[in-house]
Amino acid sequence: MKKVFGYPEFDENGEQLLTSYDNEYADMLMDIRVYRMKEGSKREFHREGEETAILLLSGKIRYLWEGREETASRKDVFSEGPYALHVPGGTPVCVRAETQAEILVQCTKNEAKFPSHLYRPEEAPWKYSCVGKFGNTAKRRVNTIFDHEISPKSNMVLGEVLNDPGNWSGYLPHRHAQPETYYFKFDRPEGFGASFVGDRVFKSVDGSFSAIPGGELHPQAAAPGFQMYTCWMIRHLDGRPWLQTDRCEDERYTWLHDAKF
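Computed from a predicted model, the values in this text were never measured in an experiment.

What to know about the packing of aromatic side chains
No. 1: Within the structure shown, the criterion is met by 12 aromatic pairs.
No. 2: Measuring from centroid to centroid gives 5.5 Å for Trp 168 and Tyr 171, while their planes differ by 50°, and the two rings are tilted.
No. 3: With 6.1 Å between their ring centres and 50° between their planes, Phe 192 and Phe 226 make a pair best called tilted. Of this pair, Phe 192 sits in strand E17 (residues 192-197) while Phe 226 sits in the loop between strand E20 (220-222) and strand E21 (228-235), and the two are 34 residues apart along the sequence.
No. 4: For Phe 192, a relative accessible area of 35% puts it in the partly exposed group.
No. 5: When its relative accessible area of 12% is taken as the criterion, Phe 226 is described as buried.
No. 6: Linked through ring pairs, Phe 5, Tyr 7, Tyr 182, Phe 184 and Phe 202 together constitute an aromatic cluster.
No. 7: Directly above the ring of Tyr 128 sits Lys 139, whose terminal nitrogen or CZ lies 5.0 Å from the centroid.
No. 8: Above the face of the Phe 192 ring, Lys 203 is positioned so that its terminal group lies 5.2 Å from the ring centre.

The following block contains the structure:
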């Protein structure tokens, strides 16, 4: 049985490996890593034939690419919106840490060329979903940094979810053909939740991730008392990009849409 959940550690260089093209999570079709950066340090990214998105999770950094420089600052994922630089394959990027910082780097194979873009918080506003539904137990904030509609030549989707404490996300239970990776953070170190991948259930904790194969149901829940952050990343299939309309809810639970609580 293939692995669908991981608890990676940061190595001595501050790198946390989630998925790659040849590890146990190769079905995700993405290379996803998180980096902790010390003040004054820098990291360089230059992947031929692979598009790259560099999402700021916390701290203050400077992006340098294509002769441009932009500073981005984010206290944390729970109180401020995202900055993410998205570049096509073959584009060198340097990230300099002006304070201690944490970044998530999402890559996938893509030979297509498209304009680089630095997404800012105002371009990916938090929007509440499921307010008042299911007894208000699935209310959460969601943003979409880019998807097929926003970046049609990209092979990826990048967004974020903030669960209210004790609430569900990815609810109703749903599936889609494309693989998806969730990366979890909690507002307290002892925070935890539950991550469902088909019929398997895992304890989600800070820094853990879920590697969801296409076609599997994948609802999530946060324990009462803890706010849960999820970075959600989808890989389009060749000739079949993920669209908002691809979300297919399990018909066993659709009666809940009309239920009175």
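Things to note about the pairing of strand E16 (residues 180-186)
No. 1: With seven of seven residues buried, E16 lies mostly within the body of the structure.
No. 2: Here E16 shows no split at all, with Glu 180, Tyr 182, Phe 184 and Phe 186 on one side and Thr 181, Tyr 183 and Lys 185 on the other all buried.
No. 3: Relative to strand E19 (residues 209-212), E16 runs antiparallel, the two sharing four bridges. Directly across from Tyr 183, in E19, lies its bridge partner Phe 209.

Observations regarding the sheet that holds strand E18 (residues 200-205)
No. 1: The four strands are arranged E14-E20-E17-E18 in an open sheet whose pairing can be described as antiparallel. The open sheet has two edge strands with one neighbour each: strand E14 (168-169) and E18.

Examining the pattern of salt bridges
No. 1: Per the counting criterion, the structure on display carries 19 salt bridges.
No. 2: When the shortest N-O distance is used, the salt bridge between Glu 44 and Lys 42 registers 3.6 Å.
No. 3: Between Glu 249 and Arg 247 there is a salt bridge, with its nearest N and O atoms 4.0 Å apart.
No. 4: One salt-bridge network, in which partners are shared between bridges, spans Glu 15, Asp 31, Arg 33, Arg 47 and Glu 50.

A few points about the pairing of E17
No. 1: Residues Gly 193, Ser 195 and Val 197 of E17 are buried on one face, while the alternating residues Phe 192, Ala 194 and Phe 196, pointing to the opposite face, are not.
No. 2: The pairing of E17 with E18 spans six bridges and is antiparallel. Its bridge partner being in E18, Ser 195 is matched across the sheet by Phe 202.
No. 3: Where E17 meets E20, three bridges bridge the pair, whose relative direction is antiparallel. Considered in E20, the bridge of Ser 195 is made with Gln 220.

Thresholds, definitions, all that
- Residues numbered from 1 in each chain as written.
- Predicted model: local features only at pLDDT ≥ 70, side-chain atom pairs only at ≥ 80, totals over all residues.
- Heavy atoms only, no water.
- Phe/Tyr/Trp six-rings, centres within 6.5 Å; stacked < 30°, edge-to-face > 60°.
- Helix = DSSP H or I, 4+ residues; strand = E, 2+ residues; numbered from the N terminus.
- Buried < 20%, exposed > 50% of the residue type's maximum accessible area, 1.4 Å probe, protein only.
- Lys NZ or Arg CZ within 6 Å of the ring centre and 35° of its normal.
- Pairing = 2+ DSSP bridges.
- Salt bridge = Lys/Arg side-chain N within 4 Å of Asp/Glu carboxyl O.

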